[in-house]
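Residue strings, one per chain:
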Amino acid sequence: MPIIDHTESLRAAERRLQAAQLNSDIDALTELIDDSVRFTGPDGNLYSKQDDLRLHETGHQVLTRVEEEDLQVLATAHTGVTWFLGTLEGTLGGRRLVARMRYTRTWIHDQAGWRIIAAHATFLTDNPFDIGDGAHGG
């Protein structure tokens, strides 16, 4: 498969992830996130796949908007990186959240498709909400 096809398939996987986050689609998130993933949240803590899924399953995180402002993609046959810049809106732990975010995600690719193996999230908003513990996402 030519590099351009990998780039476009990774771009599609990233946008599928955004839709899954917005809809708390546990099945899609389970498929798109590798079991061994580690997320660095905006709070600097490390989180697992189960931590991320639990946010959605319990309703601790509910997104009402995921608006992509910029998406850059780098892909090879087996590894890719996406850089998402955009706005997230919803609630986290019952508190209203409106934040401009930067996500850097590292993906692996095999016969099953693209899966996130590592991610880092950063708030680009001065005060996304009354900041408390557990603010993160994948």
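On a predicted model such as this, the values are computed, not experimentally measured, just so you know.

## Focus: unusual backbone geometry
Okay, step 1: Here S24, not a glycine, exhibits a phi torsion of approximately 45°, which is positive.
Okay, step 2: Within the secondary structure, S24 sits in the loop between α1 (3-23) and α2 (26-32).

## Side note on the pattern of salt bridges
Okay, step 1: Tallying each qualifying case throughout the model produces 12 salt bridges.
Okay, step 2: Its salt-bridge partner being R105, residue E14 comes within 2.5 Å of it at the nearest N-O pair. Taken as a pair, E14 in helix α1 and R105 in strand β5 (residues 95-110) lie far apart in primary sequence, 91 residues in all.
Okay, step 3: Exposure remark for E14: the relative accessible area of 0% places this residue in the buried category.
Okay, step 4: The closest approach of N and O atoms between R65 and E67, which form a salt bridge, is 3.5 Å.
Okay, step 5: Each of R65, E67, E89 and R96 takes part in a single network of salt bridges with overlapping partners.

## So, the packing of aromatic side chains
Okay, step 1: Under the counting rule described, the total for this entry stands at 1 aromatic pair.
Okay, step 2: Its guanidinium or amino end placed over the ring of Y103, R105 lies 4.3 Å from that ring's centre, counting from NZ or CZ.

## Some points on the nonpolar core
Okay, step 1: Residues L10, F39, L88, W107 and I116 are the most contacted members of the largest nonpolar core, which totals 28 residues.
Okay, step 2: Counting only elements with at least two residues in this core, the list comes to α1, α2, β1 (33-40), β3 (61-75), β4 (79-92), β5 and β6 (113-123).
Okay, step 3: Sequence-distant contacts of L88, that is, excluding residues within four places in its chain, are made with L63, R65, V66, L97, V98, A99, M101 and Y103.

## Let's talk about the environment of A75
Okay, step 1: One can find A75 in strand β3.
Okay, step 2: Distance in space between the C-alpha atoms of A75 and I108 is 9.4 Å, their sequence separation being 33 residues.

## Focus: the pairing of β6
Okay, step 1: Judged from the 4 bridges that link them, β1 and β6 form a sheet pairing that is parallel. Looking at the pairing, I33 lines up with I116 of β6.
Okay, step 2: Of the strand pairs in this sheet, β5 and β6 are connected by 10 bridges, and their pairing is antiparallel. Across the sheet, residue D110 finds its bridge partner in β6, namely G113.
Okay, step 3: Between β5 and β6, which follow one another and run antiparallel, lie 2 residues.

## Re the sheet that holds β6
Okay, step 1: The strand order β2-β1-β6-β5-β4-β3 describes an open sheet built from 6 strands, whose pairing is mixed. With one partner strand each, in any of the chains shown, β2 (46-47) and β3 form the two edges of the open sheet.
Okay, step 2: Its contacts with the sheet place helix α3 (residues 49-57) against β1, β2, β3 and β4, and it is angled at close to 85° to β1.

## Section: the confidence of the model for the protein chain
Okay, step 1: Overall, the predicted model of the protein chain reaches an average pLDDT of 91, with 90% of residues at or above 70.
Okay, step 2: Below pLDDT 50 for its whole length, residues 131-136 participates in 20 contacts with residues either more than four positions away or in separate chains.

Rules and cut-offs
Residues numbered from 1 in each chain as written. Predicted model: local features only at pLDDT ≥ 70, side-chain atom pairs only at ≥ 80, totals over all residues. Heavy atoms only, no water. Helix = DSSP H or I, 4+ residues; strand = E, 2+ residues; numbered from the N terminus. Salt bridge = Lys/Arg side-chain N within 4 Å of Asp/Glu carboxyl O. Buried < 20%, exposed > 50% of the residue type's maximum accessible area, 1.4 Å probe, protein only. Phe/Tyr/Trp six-rings, centres within 6.5 Å; stacked < 30°, edge-to-face > 60°. Lys NZ or Arg CZ within 6 Å of the ring centre and 35° of its normal. Core = buried A, V, L, I, M, F, W, Y, C linked by side-chain atoms within 4.5 Å. Contact = heavy atoms within 4.5 Å. Pairing = 2+ DSSP bridges. Axes fitted to C-alpha atoms, helices over the stretch in contact; angles between N-to-C directions. pLDDT = per-residue confidence, 0-100.

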